[in-house]
Each structure stands twice: as structure tokens, then as C-alpha cells.
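Chain and residue survey
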Amino acid sequence: METIIDVSNLYKTYKKRKSNEIITAVNNISFSVQKGEILGLLGPNGAGKSSTIKMICGLIKPDKGAITINGINSQKHRLKALHHISAVLEGNRNLYWRLTVRENLEYFAGNRGYSRKDRKDTIDDLLEKFHLKNKEKEIVNRLSRGMQQKLAIAVAMLADSEVILLDEPTLGIDVQTGYEVRDLLQNIAKKYNRTIIISSHDMDVIQDLCERTIIINNGTIVTDDRVENLLRLFEVRAYTITLGKLLTKHQFHLLQQKFPQLDYSPDILQSTLEVELNNNEEIYDLFDILKLEQIPVESIDRKTINFEQVFLKIVKGEMQNAFIQSS
Ligand SMILES: Nc1ncnc2c1ncn2[C@@H]1O[C@H](COP(=O)(O)OP(=O)(O)OP(=O)(O)O)[C@@H](O)[C@H]1O
């Protein structure tokens, strides 16, 4: 594995215009990205994702910290470092809104020094792949947001750079186009072996596309792991237990004292307990109480948990506990 981007101890503050209040948008963030990796930056609104992306693509300067792109310090050798990166930022600022789809591609291909023949072939190929062929003569201004987004990614592809940064690639586009954009990105990553960093607050985008995700909250990294690991970490702690008889009030309180997050659904035929444990050993404590109280257990299942639930838990701070227990 070869590191293509290294971000170390980044800080970014902003001063609010009216109140002069200082906002720390990025607070000591460090991570590395390997060549060919698809990394997701996930976080709630205002977490610091866009600021991080903008610092990497040289649009804003960090207050402190270093960014290295392909071994080149991007603060010292800005142009040389940024040569390896193309970015699709929110609002598709990399497009000319009064030009047509093809004209945009022609313009950027020209800028990148494609020969006439290569330019035509590459543009035709991109129009085909991005399903934009029937829109090639349309002025960008008149395209839907989804179409504009696809064109913005196609333009980024023209640059032929090793790293593509995408800030909220599916924001404000319909579900169908969202799927198309996701497919396109998956193809790009696989076929062209590009390194992709995607910032998003859309869990599905991150789960579908990214091998690894960094969750940012309040300007700091809360977790940096593979999506499947995060799911597993929480899955093993959430259980559904089917009981052979109803609990008395006293028994319920007894269990609740020990497991405050307990959910009890009484039913004459089949009562269930839903419980999330802090560590795997706690299941034995739970069984001890049930045994002592002579409550038969009919089945026990691990609860499936989706990425959205995991994300909310992490952002709410439950993760710290989980990491301590799992380490
Ligand atoms: N130019 C700016 N001036 C002042 N504050 C800013 C500026 N840009 C961002 N911020 C603030 O910095 C914090 C982080 O913003 P940032 O856009 O990086 O977060 P984000 O995770 O991308 O969120 P969103 O998804 O809402 O864009 C927020 O509190 C935001 O209001």
C-alpha cells in the first residue's frame, strides 16, 4: 500500500462576521489515504467535512498542520501537489454554467492539453458512460442538479488526476440519479484505480461506496474504520431475547436496574427483551438474573443494526464506551 494523501494535525478556525466569535471547524485532524482507496468522510452538518476537503484541495488554508499529496507538501509546493487532485465541490463550481455540456468538456480537455483526436474520443466516451449523450448540446444552467453533478464528475475525470475529492456528491439530487452517481463512482474507482475521498452526510452513499469511513463530529475524528467493522462492533452487543413467560413488575425493574437500555415487549404468547450491552460478558449477567427468577429463555438472536443507527450512536458518543470494551 502506498500513501497518496497524508493529513496531519489540521486546524481551521473561522471568525464569525458579526459577533467576531471564533469557530473551530477542524480541530486537530490527522489521517492518511492509500492509493486506490475510497474513503468516506461522514458527519452531521457543521462537523468540519467541507473544511477538511477544501483544505486538501487547496481552496482554504489550514491554520496549523500539514497536508502531503503524493509526498509533496501542499503548502510549500501548492501547484505541484494539487496537480494530483481534482475536486467536485458543492455547487459544482468546476463548471461553466453558460456553456453546453460538450463545450464544458471541450474547454477542460483543452486546458489539460488533450490532442484534438484524444479530446474527441475521451469526451465521447465520457458522455456515453455518464449517460449525458442526449444532453450534450444543453446549456449547463438548464440541466437538472443531478445532470450537473454527473457532468461535474465527468469534468473531474478529464483531469486524469489520481485523487478525486467529492463534497456531498448526492446532495439535492433525486433518488434515481443518486443511484446513478453512486454506480458511476464505483465504476470509476474500480476501472481507473482512482483514489476517491467523499464527504457526505448520506449514510447510504458512504456504506455503498466506501471501504473505510472517518466519522467527524465537532471538528474531530470520532472513529476511523471500515464500515463492516463498525457494524460488527455494534451488532454483537445488541440482542433480542424471547422469553417463555411474562415478567412481573419486580422482575422487569430488577433487569432494568442492571440494563437501563432494556426494551421489554410483553405478549402472552411471546415476550421479548431487546438489550444493548456494553460488553459481551454482560450477557451472562443477564442470563443469571433470568435463571434466578426462573424465567425460561426460548431464543436469543443478535439484532441487526444498520449503519444509520451505528452512526447516530457514534455521534452521540456511545462509541467511546464500545472501543474501550472491545480493546
Ligand atoms: N466561511 C466560513 N465562515 C464562518 N464559519 C464557517 C465558514 N465555513 C464553515 N464555517 C463553520 O465551520 C463549521 C464546520 O463547517 P463545514 O462546512 O466544514 O462542516 P460540514 O461538516 O461540511 O457541514 P455541512 O454538511 O453543513 O456543510 C460549521 O460550524 C460552519 O458553520
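In the nomenclature of an unreviewed UniProt entry, the protein is known as ABC-2 type transport system ATP-binding protein of Ornithinibacillus halophilus.

Brief notes about the side chain of His84
Looking at where His84 falls in the secondary structure, it is placed in the loop between α2 (78-82) and β6 (85-88). In contact with His84, not counting residues within four places along its chain, are Ile69, Asn70, Ile72, Ser161, Glu162 and Val163.

Quick word on the pairing of strand β7 (residues 163-167)
β7 sits mainly inside the fold: five of its five residues count as buried. Of the two faces of β7, the one lined by Val163, Leu165 and Asp167 and the one lined by Ile164 and Leu166 are each fully buried. Of the strand pairs in this sheet, β6 and β7 are connected by four bridges, and their pairing is parallel. Paired with Ser86 across the strands is Ile164, a residue of β7. As judged from the five bridges shared by β7 and strand β8 (residues 195-200), these two strands associate in the parallel manner. When the sheet's bridge partners are listed, Ile164 is paired in β8 with Ile196. This β-α-β element, β7 to helix α6 (residues 175-192) to β8, shows right-handed connectivity.

Brief notes about the site of the ligand
Surveying the vicinity of the ligand reveals the residues Tyr14, Ile23, Ala25, Pro44, Asn45, Gly46, Ala47, Gly48, Lys49, Ser50, Ser51 and Glu168. In the environment of the ligand, an oxygen atom lies 2.8 Å from a nitrogen or oxygen atom belonging to the backbone of Gly48. One of the side-chain nitrogen or oxygen atoms of Lys49 is found 2.9 Å away from an oxygen atom of the ligand. Here the ligand loses 63% of its free accessible area of 630 Å² to cover by the protein chains. At the level of secondary structure, the elements contributing two or more residues to the shell around the ligand comprise β2 (22-34) and α1 (49-56). No other element matches α1, which puts three residues into the shell around the ligand. When grouped by side-chain class, the residues that make up the shell around the ligand number five nonpolar, five polar and two charged.

Thoughts on the packing of helix α3 (residues 101-111) against helix α4 (residues 116-129)
With their axes 10 Å apart at the nearest point, α3 and α4 run at an angle of 135° to one another. On the basis of their axis angle, the class for α3 and α4 is oblique. Pair α3 / α4 crosses with right-handed handedness. Contact with α3, carried on its side by Val101, Arg102, Leu105, Glu106, Ala109 and Gly110, involves Arg119, Ile123, Asp124, Leu126 and Leu127 of α4 and no other residues of that element. A class-by-class count of the residues in the contact of α3 with α4 yields six nonpolar, one polar and four charged.

Observations regarding the sheet that holds strand β13 (residues 271-276)
Taken in spatial order, the four strands of this open sheet run β12-β13-β11-β14, and their pairing is antiparallel. Both edges of this open sheet fall to β12 (263-265) and β14 (297-302), since each of them pairs with a single strand only. Mean inter-strand twist for the sheet, computed between neighbouring axes without regard to direction, equals 15°. For β12 and β13, the ladder comprises three bridges, and the chain directions are antiparallel. Of the residues in β13, the one forming a bridge with Tyr264 is Leu273.

Remarks on unusual backbone geometry
For Asn9, which is not a glycine, the phi torsion comes out positive at approximately 50°. As for its position among the elements, Asn9 is in strand β1 (residues 3-15). Its identity is not glycine, yet Asn28 carries a phi of approximately 65°, on the positive side. The topology assignment puts Asn28 in strand β2.

Overview of the domain arrangement of the protein
Segmenting the protein into domains produces domain 1 (3-232) and domain 2 (236-302). The straight-line distance from the C-alpha centre of domain 1 to that of domain 2 is 46 Å.

Brief notes about the packing of α3 against helix α5 (residues 145-158)
At a minimum axis distance of 9 Å, the contact between α3 and α5 shows a crossing angle of 20°. Here α5 runs roughly parallel to α3, going by the angle between their axes. Viewed along their axes, α3 and α5 form a crossing whose handedness is right-handed. In this structure, α3 contributes Val101, Asn104, Leu105, Phe108 and Ala109 to the contact, and α5 contributes Leu151, Ala154, Val155 and Leu158. Of the residues that constitute the contact of α3 with α5, the class distribution is eight nonpolar, one polar and no charged.

What to know about α4
The end-to-end C-alpha distance of α4, which contains 14 residues, comes to 20 Å, matching closely the 20 Å that a straight helix rising 1.5 Å per residue would cover. For α4, every residue scored as buried is listed here: Ile123, Asp124, Leu126 and Leu127. All buried residues of α4 lie within an arc of 165° about the axis, which places them on one face of the element. Exposed residues pointing more than 90 degrees away from the buried face of α4 are listed as Lys117 and Glu128. Residues of α4 that are buried make contact with α3 and α5. His131 occupies a position one or two residues after α4 and carries a positive phi of about 50°.

Cut-off values and rules
- Residues numbered from 1 in each chain as written.
- Predicted model: local features only at pLDDT ≥ 70, side-chain atom pairs only at ≥ 80, totals over all residues.
- Heavy atoms only, no water.
- Helix = DSSP H or I, 4+ residues; strand = E, 2+ residues; numbered from the N terminus.
- Contact = heavy atoms within 4.5 Å.
- Buried < 20%, exposed > 50% of the residue type's maximum accessible area, 1.4 Å probe, protein only.
- Pairing = 2+ DSSP bridges.
- Right-handed = clockwise from strand over helix to strand, strands pointing away.
- Near = heavy atom within 4 Å.
- Polar contact = N/O pair within 3.5 Å; in protein donor to acceptor, adjacent residues only side chain to side chain.
- Areas by Shrake-Rupley, 256 points an atom, 1.4 Å probe, with all protein chains shown as cover.
- Nonpolar A, V, L, I, M, F, W, Y, C, P; charged D, E, K, R; others polar.
- Axes fitted to C-alpha atoms, helices over the stretch in contact; angles between N-to-C directions.
- Parallel < 35°, antiparallel > 145°, perpendicular 65-115°, else oblique.
- Left-handed = near helix turned anticlockwise from the far one by under 90°.
- Domains from an automatic or database assignment.
- Expected span 1.5 Å × (residues − 1).
- Arc of directions from axis to C-beta.

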